[in-house]
Structure formats: C-alpha cells, structure tokens
There are 2 protein chains.
Amino acid sequence: MAEILSWVPASEFGRVLAGIVDRRDRCAAFATLSRINTLYMIMRAGSGHIGSSFSAADIVTWLLLAELRAPFTPDGDVYFSSKGHDAPGLYAALIGLGRLDDDLVHRLRRLDGLPGHPDVGTPHTMFNTGSLGMGISKAKGAILADRLLGRARRFFVLTGDGELQEGQNWEALAGAVHHGMGELTVIVDHNKLQSDTWVRDVSDLGDIEAKFGAFGWGVLRCDGHDFDQLESALRERGQRLAGKPAVLVADTVKGAGCATFAATSMPDGQRQYRFHSGAPAIEDYRGAHGELCQAANELLRRHGLPALALRSADPPATTPSRAPRLTEVYGRELSQRAGGDPRIVALDADLLVDTGLLPFAQRHPRRLFECGIAEQDMVSMAGGMAAAGLLPFVHSFSCFLHSRSNEHMYNNATERRRIVYVGSLAGLLPATPGHSHQAVRDVSAVGGIPGLTVLEPAGPAEVVAALDYCLATPDSVYLRLASTPCPPEVAGLPAVPLVAGRGHVLRPGDPVVAIGAGPVVLTQLLRAADRLASAGVRLTVVDLPWLNRVDPDWLCQLATGCTALFVVENHYTHGGQADLVARALLELGLAAPPRFHGIGLTGIPRCGADLEVLAAHGLDAASLASTLLAHVPATAVAATGGPGVPDPRRN
Amino acid sequence: MAEILSWVPASEFGRVLAGIVDRRDRCAAFATLSRINTLYMIMRAGSGHIGSSFSAADIVTWLLLAELRAPFTPDGDVYFSSKGHDAPGLYAALIGLGRLDDDLVHRLRRLDGLPGHPDVGTPHTMFNTGSLGMGISKAKGAILADRLLGRARRFFVLTGDGELQEGQNWEALAGAVHHGMGELTVIVDHNKLQSDTWVRDVSDLGDIEAKFGAFGWGVLRCDGHDFDQLESALRERGQRLAGKPAVLVADTVKGAGCATFAATSMPDGQRQYRFHSGAPAIEDYRGAHGELCQAANELLRRHGLPALALRSADPPATTPSRAPRLTEVYGRELSQRAGGDPRIVALDADLLVDTGLLPFAQRHPRRLFECGIAEQDMVSMAGGMAAAGLLPFVHSFSCFLHSRSNEHMYNNATERRRIVYVGSLAGLLPATPGHSHQAVRDVSAVGGIPGLTVLEPAGPAEVVAALDYCLATPDSVYLRLASTPCPPEVAGLPAVPLVAGRGHVLRPGDPVVAIGAGPVVLTQLLRAADRLASAGVRLTVVDLPWLNRVDPDWLCQLATGCTALFVVENHYTHGGQADLVARALLELGLAAPPRFHGIGLTGIPRCGADLEVLAAHGLDAASLASTLLAHVPATAVAATGGPGVPDPRRN
C-alpha cells in the first residue's frame with residue numbers, strides 16, 4: 001500500500017521567510033523546508049538525487065537568499081549547478097521562493113513537469129547541465145558576452161567534487177584567468193562522495209586548493225553548511241580576490257541535513273553511499289522526514305512561530321519491477337567469461353553498479369580499472385591496454401561514452417585495436433533523468449567508425465550471444481544496452497546465434513514487416529502487432545540487433561515479396577538503423593521494393609515517466625500501430641490470410 | 001626551377017655514431033644530422049612541422065641514444081610523442097639508427113611512406129597520435145596492461161606545451177598518481193609557441209611545474225637542449241621520484257638548432273612564428289641547411305672525422321597553387337558580415353590562420369575569442385555566449401571540432417541555441433597530414449544532432465551563399481569547409497541561392513545522375529563526366545551541398561525518370577549523404593526507382609599526395625568513371641542522346 005507523503009506548500013515558505021528575521025536561522029529554516037520538499041519530490045518521482053541535493057542545499061540557500069544581486073532578473077546575478085543532478089534541491093528552493101509554480105512539487109521527472117536534470121525550458125534555468133564538466137565553460141561564455149553587451153552579471157557555478165575529474169573543467173580554468181574573470185565564482189560542493197563511492201577511492205582529487213591555485217585562480221575554503229562561513233568567504237572573494245576568477249571549496253556532507261541520509265552516518269568500512277540516486281525506502285523516508293520536520297519546527301518555535309502546516313498526498317501507485325535487466329545479465333556473464341580469458345579487463349567511469357560490473361569487480365579486482373568521471377582518459381587508456389595485448393571492455397552510460405570520448409574511440413579504431421565499448425542506459429528509457437542521459441544519438445555518432453560494429457541485444461539470451469560475438473569477432477564492438485527492466489515479451493526470447501548483419505523473425509505474419517532492435521522497440525512492436533491483428537494486419541516482427549551492419553542477402557530474402565517494410569528505432573530517426581536498411585534495400589535494386597517507412601525520434605527526448613514519454617514520441621504500441629497502419633498499402637491489408645513471410649534465417 | 005636538396009644517408013649516421021666517443025658530442029652530432037634530414041624530408045614533402053621537430057630533436061636524441069633501456073624490443077622502454085606533429089624529427093632519428101628503411105627519407109607524407117602524423121603501420125610506432133592530449137592516457141593503459149602481463153617497460157611521453165591546454169591531459173594525471181606509476185615520465189617540450197603564436201598569448205599555461213605538482217606528480221625542469229641537464233634530470237627522476245609519475249619540463253626553443261628557424265631569431269613584436277607547419281621557402285632552406293651542415297662538420301672535425309658526405313636529389317616538381325581557398329573566402333566574408341551585425345562573434349582553437357580568421361581578428365579584435373587547444377571549453381563557451389544573446393561562429397579543423405566537442409555541440413542543441421560551427425580541413429584532402437586530420441566521419445558524427453544543418457559549399461560563390469543561409473536560418477549550422485585550393489572546375493561556379501535540402505544541376509546530361517557536395521567530389525565528378533561522355537554516357541552532375549537534409553519534392557523531381565542515381569562522398573560511405581538520399585528516395589515510394597549506388601571511403605584514409613590518395617580510395621575521376629559505368633544499367637547507356645534531365649530548380 002502506498003504511503004502518504006507530505007510536502008511544504010509555498011505559503012509556508014513565505015510565512016517562515018517573513019517570520020524569521022535573523023538571517024542565519026532564516027536560511028537554516030529555508031534550507032530545511034527545501035530538503036523536506038526535495039525528499040517529497042524524489043519519493044513521488046520514484047528517483048532523483050537526494051545526497052547531492054542535500055549536500056548543496058545550504059549553499060544554494062545562501063546564494064539565493066543572501067548573496068545574489070537581483071537574481072531572476074535579466075541583469076541580475078546568476079547561479080546554476082554544473083553537476084545538475086542536484087536539480088530537485090534547486091527546484092524546491094525556487095518553489096519556496098515562488099519562482100516556480102507550487103504545483104510542480106508533484107511533477108518532478110514527469111512530462112511537462114520538472115526534468116531530472118536542468119533544462120532551459122524550466123523558468124530560471126539558464127543552462128542544460130547534467131553532462132558533467134560543462135558549467136564553468138558556459139559561464140565563461142556568458143561573461144564574455146555580457147562584457148560585449150555592457151552587462152555586469154556575476155556567475156556562481158556549483159560543481160561536484162567527483163565532477164572535477166572531467167578534463168573540461170581544467171581546460172576551462174586557464175581562459176578564465178586570461179580574461180581576469182572577477183565575475184566568475186566556482187563553488188565546489190566537496191562532499192567527498194561520487195556516484196559509486198568515496199572520491200578518494202575512485203581517483204583521488206588530491207589538494208583541490210593547490211590545483212586551482214596552480215591554475216591561477218583565487219582560492220577560498222569554508223564549511224558549506226555554515227552560513228556565517230559562507231558569508232565571510234564570499235565577502236573575501238569580492239574584496240581580496242576581485243578581478244580574478246575564484247573558487248570556494250565548500251566542505252559538505254553528502255545527504256546533509258538529517259542523520260538518515262548524511263554520509264557521516266555511514267558505518268566504518270561501508271564503501272557505497274546508499275542515497276546517491278533513486279528514491280529512498282519508505283522507512284528511510286519516514287526517518288528523514290521526521291528529522292527534518294523536527295528541525296524545522298524547533299527553529300519556528302525559537303522564533304515564536306507556529307509549527308509547519310504540511311500538506312499530504314498519495315503518491316502514484318507503482319510496483320517496482322522484478323524483471324531482469326540486461327546490464328545485470330551482461331555483468332554476470334562478463335565476469336564468468338573473464339574467468340576463462342585472462343585478456344579480458346574492464347574499465348569503468350564511476351558507474352560500477354549501473355553498468356552491471358559489481359560481479360566482475362568482486363571476482364576480478366585486479367582486472368577492474370576504475371577511471372573516475374574521465375571518459376576520454378578511460379577510452380584512450382583502453383587503447384593503450386589493447387596495444388599491450390589485452391581485450392578491454394569499456395563501460396559508461398551510452399550518452400557519455402559515445403560523445404565525450406568520440407574522437408578517442410575513432411583514434412583507437414585507426415590503430416585497429418580490438419576493444420568492446422559497452423554503453424548502458426541506451427535509448428529513450430528510462431525517461432526520468434532527461435535528455436542529458438537519454439542516449440538516442442549514439443548509433444549515428446559512432447556507427448561510422450570503421451571496424452566498429454554496433455550491436456543492441458533485445459533480451460537476456462541475446463546479451464549472452466552478443467558477448468559470444470564480442471569475444472569471437474576480430475572487430476571492435478559497441479554494445480548498446482538498455483538499462484530498463486526487460487518486459488516479459490522479450491525477457492524469455494530464446495537464444496539465437498548471432499550472425500553479423502542478419503536478423504530473425506520474432507513473430508511471423510503477413511508480408512508487412514517491422515524491423516527493430518532492443519527490448520524497448522521490440523516489446524512495443526510485439527504489442528503493436530497484437531493491436532494490428534484486430535485491424536486485419538498480421539505484422540511480421542523482426543529482431544535485427546545490428547545497428548550499423550546489414551547483410552544484403554538476408555535483407556533481400558526478407559524484402560522480396562514484402563509490401564511494406566518498417567524500421568522502428570529507439571534513437572533519432574536520422575543516422576541509425578532506418579537509414580542503414582533503406583540504403584541497403586535500395587542498393588539491392590529490387591524490381592518492386594516494398595514501401596518503406598522509418599520511425600524514430602524526431603525531437604529532443606522528453607523527460608517523464610516511461611510510458612508517457614514513449615507515447616509523447618509516438619513510440620508506444622498504440623501510436624506505432626496507428627503509424628504502421630497509415631503506411632501499409634491498402635493491397636497489403638487486403639492480403640491478410642496469405643502465406644506470411646518465412647524466416648530467412650531458416651532457409 | 002626546382003632546387004636540389006641534400007640528405008644524410010644512414011651510413012653517415014653510422015660513421016658519426018661510431019666515430020665520436022664523447023656522449024655529449026655524439027648526441028649533438030646525431031641531433032644535427034637528424035635535423036638535416038628532417039629539413040630534407042619536409043622540403044621534399046612540401047609540408048610538415050619543422051619548428052616542433054627541431055625543438056624536440058635533442059630530447060629525442062638523448063632518449064634514443066642514452067636513456068631508453070632496450071628500445072625497439074618487445075620488453076624494452078618506449079618513447080613516443082603525444083603531440084605527434086614532430087613525427088619527421090623522429091623518423092629522421094629512426095632512419096639514422098637504421099630502424100627505418102633508408103629510402104623512406106624520400107617518402108614523407110607519400111602513399112606507403114611515412115605519414116604526416118604517427119601511425120602504427122610505421123615500425124616502432126606504438127600509437128597513433130596527432131589528435132592532441134591522448135598520449136598520457138595511452139601510456140597509462142599500456143603500463144597497467146604491462147603490470148598484469150608481468151612486463152616492466154618504462155614509458156616516456158613527449159607532449160607539447162600548447163597541447164597541455166587539452167583537458168584530457170589533466171584527466172589523465174590523477175589516475176597515474178593513484179596507481180603510483182613510476183614507469184611513466186612525461187616530458188613537456190616547452191618551446192612556448194603553439195600553432196598560431198606564443199602560448200602565453202593564447203591561453204597562458206601559468207606555472208606548469210606548480211600545476212603538475214598540485215596533481216601529485218614529481219616535477220623536474222631542465223634545458224631541453226643540454227644533454228648534461230637531460231641526463232641529470234632523468235637520473236634524478238629515477239632516484240628521487242621512483243614510484244610515482246613524473247614530469248620533466250624541458251625548456252626548448254621552437255626551431256632550435258639553426259638561427260634560421262629558431263624562435264629566438266624572431267624580431268621583437270613579431271607574433272607569428274613562421275615555421276610551425278609547411279615547407280620553408282627555398283632561401284630559408286638554404287640558410288638552415290648551411291648552418292646545420294657547418295655545425296655537423298665542426299663536430300666531426302673536432303673528433304678527427306672527415307666532413308659529411310651528403311647525397312642530393314631533385315625534389316618532385318610542384319607548382320604552388322594560386323587557386324582560391326574556401327577558408328579565405330569564408331574568413332573575408334565573415335569579417336565583412338560582422339561589420340553589420342554586432343551579434344556575430346568568432347571563437348577559435350589555435351587555428352586562426354588555417355580557419356581563415358585573420359581578417360576577422362584584425363577588424364574585430366574584441367569579438368574574436370582565442371580559446372587555445374581546448375575544443376570542449378570553446379564549444380560550451382559558445383553555448384554560454386548564445387544564451388547571453390550573441391551569434392557565435394565556432395572554428396577548428398573539422399576532425400577535432402566534430403569529435404572532441406561532440407557532446408558539447410549536442411548539449412548546445414538541447415538548449416536550442418543558435419550557433420554556427422565551422423569545421424575546416426574537412427574531407428580526405430589534403431591527404432598529407434594523415435588520418436588524425438582527415439575529417440571523413442564528421443557528417444555522421446554530428447548529422448544526427450537535432451536542429452543542426454550540415455552544409456558543404458563547393459566554391460567561393462557557394463561559401464557566400466552559405467553564410468547568407470547561416471545568418472538567415474533559425475537553425476544551427478555545421479559548415480563543412482574543404483581547405484584545399486579550389487580547382488577551376490568549381491572555383492568559378494556561379495552563385496545560386498541556397499534552399500535547404502535542394503541541390504542544383506552543375507552539368508546537365510542523361511537520366512544518369514551523380515550527386516555530390518564540396519569542391520573535391522564535384523571536381524572529380526565533372527572530370528569523370530568528361531571521361532564518361534566518350535563511353536556514351538552523358539552524366540548529369542548535381543551539387544547537393546546539404547549533407548543531412550534533403551527535400552523530398554526536389555528529390556522526387558530529380559529521380560523520376562532516372563535510370564541510375566549515384567551519391568559520391570568525401571566521407572566514409574556510411575552515415576553520410578548516400579544514406580540520406582537513399583532513405584529519402586526509398587520513402588518516396590516511386591514505382592520504378594532508379595538504380596542507386598553510393599560511393600565513398602570504405603577504409604581509414606591513406607596519407608599521401610592528394611591525387612595518389614584520391615586514386616587509392618577510388619575517388620579520382622578515372623576511378624569514379626569506371627565505378628559509375630559499372631553500375632549504369634545497360635538500358636541507360638543505350639538511351640544516350642535522349643532528352644536529359646531538366647534541372648528541377650528551374651521548374
């Protein structure tokens with residue numbers, strides 16, 4: 001049964017801000033109320049970054065309430081977070097200040113609500129962040145523009161400490177000094193924990209102050225939860241360090257504000273912080289909510305104010321899926337293969353859990369290389385390992401792997417190294433983190449790399465076959481892995497040996513054929529086929545897991561006699577499988593080629609719950625059924641009851 | 001008339017190495033002989049990096065002759081250059097040591113010779129470098145692999161100082177400390193000059209020693225032209241700094257070894273170093289060659305050895321082209337437009353001259369932002385500028401722009417910013433620098449970015465039209481600019497207004513149509529058409545400058561009645577214009593679609609002279625004519641003399 005969750009209405013924020021004069025207590029109360037709502041939003045959304053939002057909450061509060069000049073005006077100071085995954089905390093603060101609609105407190109990570117990572121479509125959001133390491137550069141650009149345009153805004157950019165592993169930050173520092181950017185203050189939310197574990201265990205930052213200092217920046221340090229210290233540090237920044245860029249290293253605690261989430265509550269020896277992302281368990285919610293309300297009410301009482309008047313709501317009913325995830329299957333299988341093949345090593349960019357690598361890390365700790373949030377370095381290191389005779393498997397979310405290290409993958413390819421790149425979280429789903437994490441351009445961005453085969457398995461059995469392929473082929477492979485739980489339609493698909501460029505029929509039917517890859521597309525296509533059956537079309541559904549290879553002979557067999565051929569993609573419709581199949585089909589020179597239509601994303605991915613986002617992009621079963629039907633020639637519908645398309649694999 | 005050029009045969013290197021016992025003089029003589037051959041190779045090739053090869057020559061000499069343990073053996077120490085454009089210097093040394101075939105001294109930047117930047121196909125070349133900033137990461141990967149495989153090689157990686165502007169270097173440093181990489185020594189060839197001008201004027205490096213030190217590295221400094229200092233610094237590295245990675249900042253002079261090229265000879269106030277790339281003028285060759293021979297002979301005389309016995313050869317006759325370059329036309333035009341549009345700003349990544357930006361820099365110095373070799377930072381800065389209301393034009397070589405800053409361009413697109421990216425040096429030619437610089441994957445890598453139009457003008461008039469388009473469209477544009485001189489076939493093409501997705505006929509003919517874009521493809525196609533005419537096929541040649549957009553109506557008009565349609569690409573054949581046109585053509589659902597065939601690169605670009613490389617890839621006029629002819633249906637050839645294809649633009 002769903003728990004009732006409580007939140008603080010904006011009116012209560014207003015009452016507290018009006019009722020507490022002491023600036024320190026006022027900020028403390030505001031930050032606590034923001035944390036209550038942050039927790040509410042993440043519980044309601046079912047995911048989101050508690051730890052990072054809480055560690056930054058006091059800094060954000062101080063900036064918005066005390067430091068920024070004329071915030072939220074065109075010429076006023078600007079604050080934004082480069083790490084971006086602390087967005088729920090900022091949303092809570094903006095709602096508390098009346099800068100975002102009160103109702104949005106219920107709409108985190110929902111369609112037309114508040115996206116999982118910052119997006120310029122949200123009021124008072126200047127930049128899309130969440131792809132790490134871009135924030136300082138963005139602020140620099142805006143400052144140089146302001147100077148030309150005669151504006152004098154100050155920019156305050158929050159970065160994570162793990163985020164500083166990204167090389168772009170260090171690229172950005174020199175130019176800021178060169179231009180004497182007194183307008184730019186970077187605040188490092190130094191909570192010492194990144195996605196997987198302690199920053200020092202991933203890739204020790206060493207002496208952050210010395211690093212910034214060596215790059216010519218002014219350096220300050222303070223307790224990021226102490227408003228007095230924040231005030232004096234920022235005052236010093238404006239006085240002693242005017243005329244140059246400055247960094248404030250703010251020592252914080254991940255999950256600060258309540259003992260339940262505070263990293264300081266972690267038992268000795270526990271490596272993994274439990275509240276980086278994802279909604280807390282209900283017991284943790286209760287504990288944290290109670291602590292936060294108590295802290296708020298003590299402050300209110302001290303200032304003679306009545307206790308908080310919370311509002312409550314049932315969260316949407318959700319059932320956590322127990323379906324298998326391809327990343328889990330992959331991780332177990334890789335660990336097992338590595339037992340028999342000492343060439344196999346794994347590289348990871350701070351996503352050990354999410355990429356399925358825990359079993360590998362436990363069984364082969366000497367062959368697991370944690371590279372930190374440094375994808376360029378990781379991919380070039382893999383090139384070095386391959387040159388020395390190993391077979392590297394390189395892991396990150398596909399959104400970062402295909403793009404941040406794009407040139408590095410190509411460089412490895414020009415050396416003809418054999419490397420397996422594993423991009424998880426591929427495709428439109430989960431749609432809750434937003435477009436920085438939705439990898440729907442990966443096939444086009446890496447598909448043209450010579451000697452690199454892009455392969456997307458649909459279910460657990462195909463993941464196993466894909467690993468067989470990776471170990472047998474002389475080519476490099478980009479393994480595109482969806483991270484959502486596998487729906488039953490694809491979870492139980494039988495093992496079929498993979499032959500490069502050839503697909504196989506999942507559901508035989510009329511000579512009206514839809515091709516797709518991966519669990520998301522094939523599930524929706526199989527469901528669409530059910531719907532189409534009632535419209536008199538027996539759709540043939542084909543799994544073609546090869547995203548940049550198609551065997552012309554196989555395609556010729558499949559297409560001959562077809563009246564209509566569709567390719568449906570969990571990807572932008574440009575540059576992916578539809579282009580590939582269309583080109584190959586046209587080059588076959590069939591006398592009577594089938595009608596062809598490709599379906600995929602045409603716009604930037606929306607953020608929201610999975611099914612609502614699939615529907616918004618026309619990629620759910622119902623939309624697909626109607627799009628397909630609209631493109632099936634009338635003659636094909638009339639042909640229902642015909643012999644159907646044989647599986648060319650069986651010939 | 002071509003000058004006779006002289007080189008030192010390997011036997012002379014052998015005589016000198018055998019005849020001079022004193023290690024310092026032996027190294028000095030070897031370095032001088034290497035410089036003579038470096039100069040010869042670059043003169044003969046007509047291009048190459050003198051300044052960087054000369055500044056590194058003494059370091060390379062010391063490493064190869066005195067420092068490396070068992071170099072050139074599988075378990076021996078490894079030296080390589082991360083900056084890579086000092087390759088001619090390394091080749092000269094390897095030839096001198098008998099590690100490369102003597103005859104290769106004549107084959108710099110020629111097919112099957114010595115590539116413009118390092119390639120693993122050359123003996124004793126472990127990594128492909130020249131894409132800056134990857135070297136430290138590569139070495140780290142090899143070291144970690146060595147540890148697993150029980151090997152104990154030391155790695156010496158040379159970097160440029162300008163190269164340190166790339167963020168990947170700083171990504172790489174932390175992990176090396178984390179792993180206690182005593183095997184890794186980075187040597188910074190600190191010659192204070194990068195491609196365009198002084199490093200301090202581009203993006204001041206500040207205190208390099210403090211920077212590396214702050215990242216936890218051991219730090220040493222010495223004169224990079226003093227063998228005694230190199231020896232003692234490297235001894236100290238092994239003794240005092242064992243067990244940790246270390247950097248040796250080697251103070252050098254760009255072009256060191258002769259007054260002609262030495263940066264110390266630059267007059268006060270001269271900003272631009274003249275010998276970064278490109279062959280020197282013949283007077284400079286004579287001066288430098290004389291100086292170097294004199295220095296060598298003085299050393300030989302001091303050790304009682306006969307003077308150098310040089311060999312001479314005529315270089316291949318070449319005529320420098322006076323044809324216009326699209327980058328020059330573009331640069332002049334942009335500067336002029338900016339005079340009337342204050343929103344226009346230009347960003348550059350240390351390629352002011354090569355991207356055509358000099359006129360802009362001179363006329364609008366406050367609106368020219370030199371970002372250094374930091375493409376990620378540059379592209380995100382452009383996002384910041386666009387957010388603040390400017391219209392940024394972002395410049396680099398296409399090879400770096402499309403890939404190093406791939407995620408950053410996408411991030412800007414998700415913010416729906418309007419930005420013009422200008423990737424010059426696009427395509428296969430010039431083929432002399434090698435594949436790190438040949439951008440033949442750019443269309444596929446960025447073509448899928450929503451709201452980004454990829455446009456490649458063919459001649460000067462189309463460059464002007466393209467700028468008109470960039471200033472009028474609400475979209476962002478990726479302007480793909482070939483940098484080779486424009487052949488007469490395209491230099492004088494008349495101005496035709498650009499309409500997105502629509503091409504125009506350059507040469508009317510039979511209903512056998514070849515589509516292409518840019519000066520290289522269209523020149524070869526027009527020449528192929530001449531050849532085909534004698535085979536009875538009047539090829540229709542169409543300029544379609546849109547690489548990721550095609551107008552279905554225009555295509556329908558063009559293709560209706562066509563018997564064969566070809567797309568020829570200065571790009572890999574996967575992921576570019578052929579896929580685009582094929583997909584659109586198939587989706588038109590024509591009852592009798594033309595035969596379709598796409599032609600482009602299928603393998604990694606070769607390095608060599610332009611025409612030999614075009615031919616090697618089947619993209620020269622003769623190869624194209626025969627490929628086209630092989631794919632033209634017999635009926636079409638018989639139809640010669642028919643009415644031809646009308647230009648659909650005229651309808």
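Engineer: Looking at this structure, how should I read the pattern of salt bridges?
Structural biologist: Once the charged atoms of two side chains with opposite charge are near each other, the side chains can pair. Under the defined criterion, the tally for this structure stands at 72 salt bridges over all chains. Salt-bridge contacts for B:Arg404 lead to A:Glu407; the nearest nitrogen and oxygen are separated by 2.5 Å. With B:Arg404 in helix H14 (residues 398–404) and A:Glu407 in helix H15 (residues 406–414), the pair connects residues from two separate chains. Overall, B:Arg404 belongs to the buried group, its relative accessible area being 1%.

Engineer: So what exactly am I meant to see when it comes to the relation of the copies chain A and chain B here?
Structural biologist: In this arrangement, two copies of a chain are superimposed by a rotation about an axis accompanied by a shift along the axis. It takes a turn of 180 degrees to lay chain A on chain B, together with a shift of 0.0 Å along the axis; the resulting RMSD is 0.0 Å. Within this description, the copies of the chain are treated as partners about a two-fold rotation axis. Comparing interface residues between copies, 100% of those in chain A also lie at the interface in chain B; the contact surface is shared.

Engineer: How should I be thinking about the packing of helix H2 (residues 23–45) of chain A against helix H4 (residues 87–96) of chain A in this particular structure?
Structural biologist: Relative orientation and spacing of two packed helices are given, respectively, by the angle between their axes and the distance between those axes. Residue and element names in this part refer to chain A. Contact geometry for H2 and H4: axes closest at 8 Å, N-to-C directions at 120 degrees. Classified by the interaxial angle, the pair formed by H2 and H4 is oblique. Along this stretch, H2 crosses H4, giving a crossing that reads as right-handed. Together, Phe 30, Ser 34, Asn 37, Thr 38, Met 41 and Ile 42 of H2 and Pro 88, Gly 89, Tyr 91, Ala 92, Ala 93, Ile 95 and Gly 96 of H4 make up the contact between the two elements. For the contact of H2 with H4, a count of residues per class yields eight nonpolar, five polar and no charged.

Engineer: Teacher, can you tell me more about the packing of aromatic side chains here?
Structural biologist: For any pair of aromatic rings, the description rests on two quantities: the centre-to-centre distance and the angle between the ring planes. Throughout the structure, instances matching the rule amount to 29 aromatic pairs over all chains. With 5.8 Å between their ring centres and 80 degrees between their planes, A:Tyr273 and A:Phe275 make a pair best called edge-to-face. With 4.7 Å between their ring centres and 70 degrees between their planes, B:Tyr469 and B:Trp546 make a pair best called edge-to-face. Separated by 77 residues along the polypeptide, B:Tyr469 in helix H17 (residues 460–472) and B:Trp546 in the loop between strand S16 (540–543) and helix H20 (552–559) bring together distant segments of the chain. In this pair, the class of B:Tyr469 matches that of B:Trp546, namely buried. Through a chain of ring-to-ring contacts, three or more aromatic side chains come together here, namely A:Trp170, A:Phe212, A:Phe215, A:Trp217, B:Trp170, B:Phe212, B:Phe215 and B:Trp217. For the cation-ring pair, A:Arg35 lies above A:Phe54, with the distance from its terminal atom to the ring centre recorded as 5.7 Å.

Engineer: Explain the interface of chain A and chain B here, please?
Structural biologist: Frequently, the measure chosen for interface size is the accessible area removed from exposure when the parts meet. Residue-level contacts link 102 residues of chain A with 102 residues of chain B. Roughly 8300 Å² of surface becomes buried between chain A and chain B when both sides are summed, with 56% attributable to carbon and sulfur atoms. Linking chain A to chain B there are eight salt bridges. In this structure, the salt-bridge partner of B:Lys138 is A:Glu415, at a minimum N-O distance of 2.8 Å. There are 48 residue pairs in polar contact (both at pLDDT 80 or more) connecting chain A and chain B. Here the side of chain A that touches chain B is composed, by residue class, of 43 nonpolar, 31 polar and 28 charged.

Engineer: Teacher, can you tell me more about the pairing of strand S8 (residues 344–348) of chain A here?
Structural biologist: Each regular strand displays side chains that alternate between the two surfaces of the sheet. All names here are of chain A. In terms of burial, S8 is largely enclosed, as five of its five residues are buried. Of the two faces of S8, the one lined by Ile 344, Ala 346 and Asp 348 and the one lined by Val 345 and Leu 347 are each fully buried. Pairing analysis gives three bridges linking S8 to strand S9 (residues 368–370), with the strands arranged parallel. Its bridge partner lying in S9, Ala 346 is registered against Leu 368.

Engineer: What should I look at first to understand the sheet that holds strand S12 (residues 452–455) of chain B in this one?
Structural biologist: Sheet strands line up and pair through hydrogen bonds in the backbone, either parallel or antiparallel. Residues and elements named next belong to chain B. Pairing in this open sheet of six strands is parallel, and the strands run S9-S8-S10-S11-S13-S12 from one edge to the other. Whereas interior strands pair on both sides, the edge strands pair on one side only; in this sheet they are strand S9 (368–370) and S12. With direction set aside, neighbouring strand axes in the sheet form an average angle of 20 degrees. The sheet contact formed by S12 and strand S13 (residues 476–480) spans four bridges and is parallel. Looking at S13, one finds that Val 454 is bridged to Tyr 478. In this fold helix H13 (residues 375–387) packs onto strand S8 (344–348), S9, strand S10 (391–397) and strand S11 (420–424), with an angle of close to 170 degrees to the strand it touches most, S10. Together, S8, S10, S11, S12 and S13 form the strand contacts of H17, whose direction differs from that of S13 by roughly 160 degrees.

Engineer: Teacher, can you tell me more about the environment of B:Pro115 here?
Structural biologist: Residues and elements named next belong to chain B. With respect to the helices and strands, the residue Pro 115 is situated in the loop between helix H4 (87–96) and helix H5 (135–149). Assessed through its relative accessible area of 12%, Pro 115 is described here as buried. Between the alpha carbons of Pro 115 and Gly 434 there is a distance of 5.9 Å; along the sequence they are 319 residues apart. If we skip the residues at most four places from it in the chain, Pro 115 touches Tyr 91, Leu 108, Thr 122 and Cys 607.

Engineer: Where do I start with the environment of B:Leu94 in this structure?
Structural biologist: All names here are of chain B. Along the polypeptide, Leu 94 turns up in helix H4. Along the primary structure Leu 94 and His 597 are separated by 503 residues, whereas in three dimensions their C-alpha atoms are 45 Å apart. Sequence-distant contacts of Leu 94, that is, excluding residues within four places in its chain, are made with Leu 64, Phe 72, Arg 99, Leu 100, Pro 123 and His 124.

Engineer: Explain the packing of helix H13 (residues 375–387) of chain A against helix H6 (residues 167–178) of chain B to me, please; I cannot follow it from the model alone.
Structural biologist: Between H13(A) and H6(B), whose axes approach to 8 Å, the crossing angle comes to 75 degrees. By the criterion of interaxial angle, the relationship of H13(A) to H6(B) is roughly perpendicular. When H13(A) is examined against H6(B), the residues A:Glu375, A:Gln376, A:Asp377 and A:Ser380 are found in contact with a partner set consisting of B:Gln168, B:Glu171 and B:Ala172. Residues belonging to the contact of H13(A) with H6(B) are distributed by class as follows: one nonpolar, three polar and three charged.

Engineer: Just to check I follow, could you spell out the environment of A:Gly598 for this structure?
Structural biologist: One can find A:Gly598 in strand S18 (residues 595–601). Assessed through its relative accessible area of 9%, A:Gly598 is described here as buried. Along the backbone, A:Gly598 and A:Gly243 are 355 residues apart, and their C-alpha atoms lie at a distance of 55 Å. Once residues lying within four places of it in the same chain are set aside, the contact partners of A:Gly598 are A:Val567, A:Thr573, A:Ala578, B:Arg583 and B:Glu587.

Engineer: I keep staring at the nonpolar core and nothing clicks. Help me out?
Structural biologist: Inside soluble globular proteins, nonpolar side chains tend to come together where they are buried. A:Leu184 and B:Leu184 are the most contacted members of the largest nonpolar core, which has 288 residues in total. Not counting the four nearest positions on each side in its chain, A:Leu184 is found in contact with A:Ile136, A:Ala139, A:Lys140, A:Ile143, A:Phe155, A:Val157, A:Ala176, A:Trp217, A:Arg237, A:Pro245 and A:Ala246.

The rules behind these values
- Residues numbered from 1 in each chain as written.
- Chains lettered and ligands numbered in written order.
- Predicted model: local features only at pLDDT ≥ 70, side-chain atom pairs only at ≥ 80, totals over all residues.
- Heavy atoms only, no water.
- Salt bridge = Lys/Arg side-chain N within 4 Å of Asp/Glu carboxyl O.
- Helix = DSSP H or I, 4+ residues; strand = E, 2+ residues; numbered from the N terminus.
- Buried < 20%, exposed > 50% of the residue type's maximum accessible area, 1.4 Å probe, protein only.
- Least-squares fit on C-alpha atoms with pLDDT ≥ 70 in both.
- Contact = heavy atoms within 4.5 Å.
- Axes fitted to C-alpha atoms, helices over the stretch in contact; angles between N-to-C directions.
- Parallel < 35°, antiparallel > 145°, perpendicular 65-115°, else oblique.
- Left-handed = near helix turned anticlockwise from the far one by under 90°.
- Nonpolar A, V, L, I, M, F, W, Y, C, P; charged D, E, K, R; others polar.
- Phe/Tyr/Trp six-rings, centres within 6.5 Å; stacked < 30°, edge-to-face > 60°.
- Lys NZ or Arg CZ within 6 Å of the ring centre and 35° of its normal.
- Buried area = accessible area lost by both parts, 1.4 Å probe.
- Polar contact = N/O pair within 3.5 Å; in protein donor to acceptor, adjacent residues only side chain to side chain.
- Pairing = 2+ DSSP bridges.
- Core = buried A, V, L, I, M, F, W, Y, C linked by side-chain atoms within 4.5 Å.

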